[in-house]
Amino acid sequence: MVMDQIEQIKEEALAELEAARNAEALEAVRVKYISRKGLIPGLMKHLKEILPEEKRAYGQKVNDLKSSFQTKLDEKQAVLQAQDTGASAETFDVTLPGEWRGVGSLHPITQLTDRAIEIFQTLGFTVASGPDIETVFNNFDALNHPPGHPARDVKDTFYLDDPNLLLRTHTSPVQVRYMLSHPPPIRIIAPGRCYRRDTPDATHSANFHQIEGLYVGEKVSLADLKGDLSHFAREAMGTDTRVRFRPHFFPFTEPSVEVDFSCHVCHGNGCRVCKNSGWIEIAGAGMVDPNVFKAVGYDPDEVTGYAFGMGIERIAMILFGITDIRHLYENDVRYLAQF
Amino acid sequence: MKLPVSWLKEYVDFDDTVQGLADKLTFSGVEVEGIETVGGDSAGRADPCADEGAGTPDTVLDLEITPNRPDCLSVIGIAREVATLYGSALKWPVVERVETGVPMDSLTRVEVEDPQGCPRYTARVLQDVVIGPAPDWMQRRLTLAGIRPINNVVDITNYVMLETGHPLHAFDQALLQEGRVVVRRARAGETMLTLDGEERDLSPEMLVIADAEVPVAVAGVMGGAGSEIRATTSQVVLESACFDPLLTRATSRQLALSTESSYRFERGVDAATVEWTSRRAAQLMAEHAGARVASGVVDLYSATVAERTVTCRWEFVRDLTGMSIQNAEIEAILSALGLTSLATDADSFTVRIPTFRADLERDVDVVEEVARIHGLDHVPTKAPRAEIVPGADYTFHRSRADLKAHLVGLGLREIMNYSLTAPALLDLLNPDDRERRLVLPHPISADQSVLRPSLIPQMVETIGRNHARQIPEALLFEWGRVYQWAGAERQETERICIGLMGPVGRGSFDKRSPVKPPEMFGWMKGLVSRLLEALRIDAWSVGRLAHPGLEAGPSVEILIGGEAIGVMGLLRGDVRREYRLSEPVAVAELDVEALLQHGGRIQRAQDVPVYPAVVRDMALVVDADILHADILRVIRANADQALEQIQLFDIFEGEAIGKGRKSMAYSVTYRSPNGTLTDEDANVYHQRVKDAVRRELNVTIREG
């Protein structure tokens, strides 16, 4: 008997819900059926009339009705609200521009630097840093640039009023600082700003960025350098990127190499970007010169290490096809928004 | 260095294409930067040594020689590399006995006053020289190598320099006072007209070649016009010498004069072959300038080159390169390079270093030789060994990465400006910091002559540039270092600068009306608040600030526990007008270390409240000089513990309120952690608040 009552109320409730044409009518339906004193909660009053073994099923049924009705009510409410705003399906202009402020962006130099850091961190490298204003010792002497070395010339290097201080010409003095303050083994990656007295043009900037890597330990070899840089190449430029070494000379590494990556555009087949060679010069590297170890108090008979350095602007120009290094420092919002 | 391939072939055989040769050279350390084909027209002259006949083009390699390899700054030097790479023999030019003239001693005298500056000096005298053009093939080779032919004597000195790497010089002996040569330091006040037609001031730091009276050449750099070979020259003093690299470099730098000669002396020439080179040149002068070579040579060789040996462990070669290379292969490479084996055992080998390889001093240097000749493609690609080194600190980068992510998340676009900037720009924003600026003594230009003491000036410049390019709005940040004097210390600190231009805080249907200063300040303050909130820095406040670049009212310093960690404010009107910025521009600058130090701590979680809140509104009409902070203070001091939040939701000024007054509407939230707050309780709390506000501030409460 009472069970039938549930069905009856359900039918009536749904019919009235269906019939409601505006928010007021809908509210009236809501109050009538599922407000605290509404008909559906009211069904619970009949619980005492139910046989004990049926009580559970009855209660369940009332609750089901309550929740299913609530759901239908919410749906109806949404429909009515849409109609209230006057937006019918046809006139609702979904082509209007959206309204939300965009996220910002990082400068391409920062993006590349962070990417490199991230990749080398997975190999256990930590970020080290040093000041832009460096000592001549850290920038040159300790890095095996003897007095009279051309790089030390005032026409290439910015010295400060104190001739023992300069604006670092590379990030390599961070190696010196770190080795002076940490015993081996070490693995560091050191990004930073560098300065050379270059007259600005499309490919030169007196102010540029490098990222430096240094790994010192027992029996570190050129094979480790090649392995780690190959990992970096694949992660940074694409999984089919290959790495090759060419012999070169740097005062603070011996042997020294220049590092080429296979061209990310033509995958080594030759194109305009790689000047048809299939390869792009990316980094200078080599095994840390024993004189550097001596300068920082490491024993070159105990440890070996590799170091590499990359110019971030150069890589940015190659990777993003930037035609003039000065575009990177012009800070035109439209230009930066591309990265 | 330009190297005609046909010339190279005179000294070495190799069975390969030019491209093949170029690759071999590049991958053994002599980078071929370009391959150029020259000539091929009917005017192209025959080269007797070339495979090609007359009129055929010649191939020229453009080589980059690294500074450690002065031995490669010559055709023979490269031929030596090629011989090593192809396993063929180096064919030295045959220098026969050419001295047919009278004894040398009777013709000239040489003194070296500075044997350190000039470790070896040789002189020969050539008589009966007939000046004329050099043979065509010689002229062509010089031209291909980038040197302009002049006359047979001069061309021969240049030719032999390119051939051997030894710069030579020829003097017209008739133009030398007393016909003799003194190698000495220049005297103060001495000047000389160099071959390039410049009158040069000499100084005692410079080494010169002088005659009995005056300097006739800057040693190793350039000859003087006064003793130049000319059409009438008939007796020549031929100099072949070795000058100190550092001294040559210093002189060249001081005179701002770099020549083929100074380039080679700066890098170091092999003293051992100085005399042979002189003979080689004399031979060519006899052949091509009709010279009769006086017998004998002046050879002042103060310190013969010490013989050098290097010992290296076999295993070290393999350990450092990672290559698997057999001892026998190592030996073969060293031998091909001219490194004579002196001793070998199971553990190590000892080699004698030839005099032309001054760069080989240590075992690592020898390892590099083996590696580059064996080929770096033999270096295996070892699988990376990831390892956390004890003491490694990853927090430095992580905390910065987090902060950077917040800035981007807030909608800011990163810009990057130079560290060096213009004093005029700094003066515009803050002439008061002049004393603290770090000024470069030798800048490239005035525009980049000062290290920036703040990021704000260039931010303003950037905003101005974008505005000039018709960009309506910008939300920018820069993260960079600033540099200044802090007492006697040069201080370098990391900062963040934020700059806002245009209606950045409005929706796109609301962009047209002009931006008002309080609105712009509000956006900046909101942005900074959100940033600090993201860093979990809640205990911060603002304090009034007098900054010469910012408006007097809307400019504040940002304080954490009394410590100023930054500034923010609106740009002063006259600064804006410099960039034709008609609407308010907001800038902020924050210290990165301070942000990281105060922020980013791990938060203890608190359960969210379970009981409902009661919200009560009130609109206060107060005097215009009453601050929001004053009202908050009074409310907080007088509310019950149940006070949860105070929110300002409306500010209104206008005639309805009255002049000098403003309406500020607050919604106050009360909630108890212990139970549902009744309306009655909330009313009591709220009444207490209203009474206090009314009592302590001159206020009318409009509704509640």
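Note that the structure is predicted; figures quoted are calculated from it, not measured.

A closer look at the environment of Ala-291 of chain B
Residue and element names in this part refer to chain B. In this structure, Ala-291 sits in the loop between α8 (274–288) and β15 (292–295). C-alpha separation for the pair Ala-291 and Ser-234, spaced 57 residues apart in sequence, amounts to 8.6 Å. Sequence-distant contacts of Ala-291, defined by excluding residues within four places in its chain, comprise Leu-126, Gln-127, Asp-128, Val-129, Met-285 and Ala-286.

Brief notes about the interface of chain A and chain B
Taken together, the contact between chain A and chain B spans 88 residues of the former and 82 residues of the latter. Between chain A and chain B the total buried area reaches about 7300 Å² when both faces are included, carbon and sulfur atoms providing 57% of it. In this structure, the connection of chain A to chain B is made through twelve salt bridges. A salt bridge links Arg-490 of chain B to Asp-161 of chain A, with the shortest nitrogen-to-oxygen separation between them at 3.3 Å. One can count 44 residue pairs in polar contact (both at pLDDT 80 or more) joining chain A with chain B. For the side of chain A that touches chain B, the element with the most residues is helix α8 (residues 222–237) of chain A, which contributes eight residues. Split into classes, the residues belonging to the side of chain A that touches chain B amount to 37 nonpolar, 26 polar and 25 charged.

Some remarks on the packing of aromatic side chains
Inspection of every chain in the model, using the stated rule, returns 20 aromatic pairs over all chains. Consider the rings of Tyr-335 of chain A and Phe-339 of chain A, whose centres lie 5.7 Å apart with planes at 65 degrees: the pair is edge-to-face. Ring geometry for Trp-7 of chain B versus Tyr-159 of chain B: centroids 4.6 Å apart, planes at 15 degrees, classification stacked. Of this pair, Trp-7 of chain B sits in helix α1 (residues 5–8) while Tyr-159 of chain B sits in helix α5 (residues 152–164), placing them 152 residues apart in sequence. Under the relative-accessibility criterion, Tyr-159 of chain B is labelled buried at 0%. By the ring-pair criterion, three or more aromatic residues cluster together here, those being Phe-120, Phe-125, Tyr-215, Phe-232, Phe-261, Tyr-306 and Phe-308 of chain A. In this structure, Arg-187 of chain A packs its charged tip against the face of Tyr-215 of chain A, placed 4.1 Å from the ring centre. Lys-226 of chain A extends its terminal NZ or CZ atom over the ring of Phe-245 of chain A, reaching a point 5.3 Å from the ring centre.

Notes on the pairing of strand β28 (residues 563–571) of chain B
All names here are of chain B. Of all nine residues in β28, seven are buried; the element is thus mostly enclosed. As paired elements, strand β27 (residues 550–560) and β28 share seven bridges and run antiparallel to each other. Pairing of Glu-557 across the sheet is with Val-567, part of β28.

Overview of the nonpolar core
Counting residues in each nonpolar core, the largest one holds 125 residues, and the members touching the most others are Phe-245 of chain A together with Leu-8, Leu-25 and Ile-78 of chain B. The residues touching Leu-25 of chain B, leaving out its near neighbours within four places in the chain, are Val-30, Glu-31, Val-32, Leu-61, Leu-63, Ile-78, Glu-81, Val-82 and Leu-85 of chain B. Core analysis: the next-biggest nonpolar cluster, separate from the first, contains 38 residues, Leu-412, Leu-500, Phe-521 and Leu-596 of chain B among them.

Description of unusual backbone geometry
Glycine aside, residues mostly have negative phi, and peptide bonds are mostly found in the trans state. Of note, the amide linkage connecting Pro-184 of chain A to Pro-185 of chain A takes the cis form, showing an omega dihedral of 0 degrees. Counting through the fold element by element, Pro-185 of chain A comes out in the loop between α7 (173–181) and β4 (186–195). With an omega of -10 degrees, the peptide bond running from Glu-254 of chain A to Pro-255 of chain A counts as cis. Positive phi values are uncommon outside glycine, yet Asn-144 of chain A reaches one of about 65 degrees. Within the secondary structure, Asn-144 of chain A sits in the loop between α6 (136–139) and β3 (165–167). Judged by relative accessible area, which is 22%, Asn-144 of chain A ranks as partly exposed. The phi dihedral of Arg-536 of chain B falls on the positive side, at around 65 degrees, and the residue is not glycine. With respect to the helices, strands and loops of the structure, Arg-536 of chain B is situated in the loop between α15 (517–534) and β26 (540–544). Look at Arg-536 of chain B and you get partly exposed, because its relative accessible area is 41%.

Here is what the cut-offs are and how they apply
Residues numbered from 1 in each chain as written. Chains lettered and ligands numbered in written order. Predicted model: local features only at pLDDT ≥ 70, side-chain atom pairs only at ≥ 80, totals over all residues. Heavy atoms only, no water. Helix = DSSP H or I, 4+ residues; strand = E, 2+ residues; numbered from the N terminus. Contact = heavy atoms within 4.5 Å. Buried area = accessible area lost by both parts, 1.4 Å probe. Salt bridge = Lys/Arg side-chain N within 4 Å of Asp/Glu carboxyl O. Polar contact = N/O pair within 3.5 Å; in protein donor to acceptor, adjacent residues only side chain to side chain. Nonpolar A, V, L, I, M, F, W, Y, C, P; charged D, E, K, R; others polar. Phe/Tyr/Trp six-rings, centres within 6.5 Å; stacked < 30°, edge-to-face > 60°. Buried < 20%, exposed > 50% of the residue type's maximum accessible area, 1.4 Å probe, protein only. Lys NZ or Arg CZ within 6 Å of the ring centre and 35° of its normal. Pairing = 2+ DSSP bridges. Core = buried A, V, L, I, M, F, W, Y, C linked by side-chain atoms within 4.5 Å.

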